[in-house]
Structure formats: C-alpha cells, structure tokens
Amino acid sequence: QVQLVESGGGLVQPGGSLRLSCAASGSIFSGYAMGWYRQAPGKQRELVAQINSGGITNYADSVKGRFTISRDNANNTVYLQMNSLKPEDTAVYYCWLPQPGGRTYWGQGTQVTVSS
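About the criteria used
- Residues numbered from 1 in each chain as written.
- Predicted model: local features only at pLDDT ≥ 70, side-chain atom pairs only at ≥ 80, totals over all residues.
- Heavy atoms only, no water.
- Helix = DSSP H or I, 4+ residues; strand = E, 2+ residues; numbered from the N terminus.
- Core = buried A, V, L, I, M, F, W, Y, C linked by side-chain atoms within 4.5 Å.
- Buried < 20%, exposed > 50% of the residue type's maximum accessible area, 1.4 Å probe, protein only.
- Phe/Tyr/Trp six-rings, centres within 6.5 Å; stacked < 30°, edge-to-face > 60°.
- Pairing = 2+ DSSP bridges.

> Could you clarify how one ought to interpret unusual backbone geometry in this entry?
Trans peptide bonds make up most of the peptide bonds, and negative phi angles are found at most residues other than glycine. Of note in this structure, Asn76 is not a glycine but carries a positive phi near 50 degrees. Mapped onto the elements of the fold, Asn76 is located in the loop between strand 7 (67–72) and strand 8 (77–82). Its identity as a non-glycine residue notwithstanding, Ser84 has a phi of 50 degrees, on the positive side. Note that Ser84 resides in the loop between strand 8 and strand 9 (91–99).

> Help me out: how do you make sense of the nonpolar core in this one?
Looking at soluble globular proteins, one finds that nonpolar side chains tend to be buried together. Ranked by internal contacts, the top residues of the largest apolar core, which has 28 residues, are Trp36, Leu80, Met82 and Tyr93. Residue assignment for this core shows that the elements contributing at least two residues are strand 3 (18–25), strand 4 (34–39), strand 5 (46–51), strand 7, strand 8, strand 9 and strand 11 (110–114).

> I'm lost on the packing of aromatic side chains in this one. Help?
One pair of aromatic rings is described through two measures. These are the centre distance and the angle between the planes. Enumeration according to the criterion identifies two aromatic pairs in this entry. Seen from their ring centres, Tyr37 and Trp106 are 5.1 Å apart, and the 80 degrees between their planes marks the pair as edge-to-face. Of this pair, Tyr37 sits in strand 4 while Trp106 sits in strand 10 (residues 103–106), placing them 69 residues apart in sequence. For Tyr37, a relative accessible area of 17% puts it in the buried group.

> In this structure, what is going on with the pairing of strand 3? I would like to understand it.
Looking along a regular strand, one sees the side chains alternate between the two faces of the sheet. As defined by bridge partners, strand 1 (residues 3–7) adjoins strand 3 across five bridges and the pair is classed as antiparallel. Looking across to strand 3, one finds that Glu6 is bridged to Cys22. The pairing of strand 3 with strand 8 spans six bridges and is antiparallel. Directly across from Leu20, in strand 8, lies its bridge partner Leu80.

Next up, the structure:
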C-alpha cells in the first residue's frame, strides 16, 4: 500500500512564500513522475507542477516563474516551493503519484490560503 503524507500548507500574505512537502512510503515503483495538483472552492482539480524521475519539470502557466518543483528520489519526496503567492493561489494542494497499472495515489491535501 502506498501512502502520501503532505506538510507545509498554511496562511500567508500576498507576496509571501510557502514550501510544501510530500513523502511517499510503501511499495513504490521508482521511475515515475510526482507532482502537485490543487483545487479551489467550486473549481475542478488542476495541475500545478510535475517532475519526472530525471528532473524534467512541467508547470501550469499560472505558476511559471513563481513555483519550483523538486524531488528527492532516494527518499521518495517531492517539494513545491511557492513564491510571490497570490490570492488566486488559495486552494487545497494535493500530492500526486502515478504507479504501474494505471494506479494513481493522492495525498490527503493541504490547505494554502493567501490573504491579507
């Protein structure tokens, strides 16, 4: 069984920064991408950023230049450094881990609120 444990959310003022972490444990097949999605109230879940095992990244246009995704393959951990946060970044952020056979695992979600 695979578990994803997220941390690092919270309340921050516009222009501030937060760093999210997601540690994966269990029977994990390496070599797969990891990433972050988010869901704001009344909206669909959307991709924020992905990173493959080789370090190639993909970002939503709305966060390019402000967010940085990274990963520690040895510890099956993915990070999301969020800078210059805006109120529209307010959402529940979910860690994402695809695995063989079409299985997809999600974290429990961590709330990020950007407000003055």
